[in-house]
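Listed here are the chains, written in short residue letters.
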Amino acid sequence: MNLPYPLFPRRATQVLDGIWSFKWLGDCDADAVNPAKLDCDGHAPVPGVCDISPVRLNARGVAAYRRAVRCTGGRMRLEIGGLGLYGRVFWDGALLGVCTGPWTPYAFDFETGAGEHELTIVVDNRFTAEHPTLMHAYADFYPFGGIYRNVVLRALPAKRIERVAVTTLDPATGRVRLAIRTAGFRDGRAAFAIAFDGRAPKTRELAVKAGVATVALKVPRFKVWTPDSPALHVVEV
């Protein structure tokens with residue numbers, strides 16, 4: 001399965017897409033839904049939308065998705081690629097967080113034990129004064145309700161790279177700046193192996209300050225992106 005960047009090939013990762021247990025709750029308060037009292041006796045695909053079936057075509061209201069998840073425990077990150085129009089995310093009945101922006105990625109970090117757990121996502125496809133953000137009624141397209149994109153669970157190592165921001169410094173020479181955002185690193189110097197486009201990595205010792213290390217490099221055999229030739233490069237750290 002192709003997941004969106006950034007990719008973390010060395011982290012234990014579960015893609016939770018598939019057929020989930022489902023319950024259409026209709027006209028109720030999404031913030032008042034108690035996962036412990038839900039009887040999800042139906043089924044629905046994830047990713048997918050819940051208001052296009054013949055029995056709920058264009059219906060507005062609240063729906064609940066649920067599935068069992070097994071993991072090794074420890075520090076975890078649950079990533080939701082996008083849902084709508086508003087959502088609340090529960091792990092074993094405890095609220096992990098709220099998704100207020102439809103089609104917007106959200107990530108929730110938490111601690112859990114090893115074994116089987118219950119993941120519940122409550123979505124509301126109605127417009128209210130409070131939500132959703134980034135989407136308003138009477139837009140120029142129909143906003144369906146559901147879980148639009150992948151749901152992914154990752155184990156988080158104590159010392160890790162979170163993101164790499166790439167800024168073009170000189171398109172004529174292929175020079176870029178990498179801002180490497182880390183977690184679990186102390187201020188000081190650390191070794192980073194950096195590779196472009198699948199080439200052999202080169203190790204560089206960089207200064208880490210407030211969790212960020214920066215370096216300016218030239219992309220080997222770089223190509224400039226144009227509409228006629230949309231070249232893209234991949235950096236791995």
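Basis of the calculations
Residues numbered from 1 in each chain as written. Predicted model: local features only at pLDDT ≥ 70, side-chain atom pairs only at ≥ 80, totals over all residues. Heavy atoms only, no water. Salt bridge = Lys/Arg side-chain N within 4 Å of Asp/Glu carboxyl O. Helix = DSSP H or I, 4+ residues; strand = E, 2+ residues; numbered from the N terminus. Buried < 20%, exposed > 50% of the residue type's maximum accessible area, 1.4 Å probe, protein only. 1 Å grid on protein atoms, 1.4 Å probe; cavity = no way out; pocket = protein on both sides within 12 Å on 5 of 7 lines; lining within 4 Å. Points joined across faces, edges and corners; volume = space filled by probe spheres on them. Nonpolar A, V, L, I, M, F, W, Y, C, P; charged D, E, K, R; others polar.

1. What to know about the pattern of salt bridges
Working step 1: Applying the stated criterion across every chain, the model contains 12 salt bridges.
Working step 2: The partner of R77 in a salt bridge is E162, and the shortest N-O contact between them spans 2.7 Å. Taken together, the residues R77 in strand β6 (residues 74-80) and E162 in strand β14 (residues 160-170) connect sequence positions 85 residues apart. For the pair R77 and E162, a shared accessibility class is recorded, and that class is buried.
Working step 3: Sharing partners across several salt bridges, the network here consists of R77, D109, R160 and E162.

2. Observations concerning the layout of surface pockets
Working step 1: Approximately 1000 Å³ is the volume attributed to the largest pocket.
Working step 2: Mapped by element, the contributors of at least two residues to the lining of the largest pocket are β14, β16 (188-196) and β19 (235-236).
Working step 3: Element by element, the count of residues in the lining of the largest pocket is highest for β14, at 6 residues.
Working step 4: A per-class count over the lining of the largest pocket returns 19 nonpolar, 2 polar and 9 charged.
Working step 5: There is about 460 Å³ of room inside the second largest pocket.
Working step 6: Lining the second largest pocket we find 19 residues, and of these Y5, P6, E79, P105 and R163 sit closest to its centre.
Working step 7: Counting residues per element, the ones that place at least two in the lining of the second largest pocket are β6, β10 (106-112), β13 (151-155) and β14.
Working step 8: Residues that form the lining of the second largest pocket fall into these classes: 10 nonpolar, 2 polar and 7 charged.

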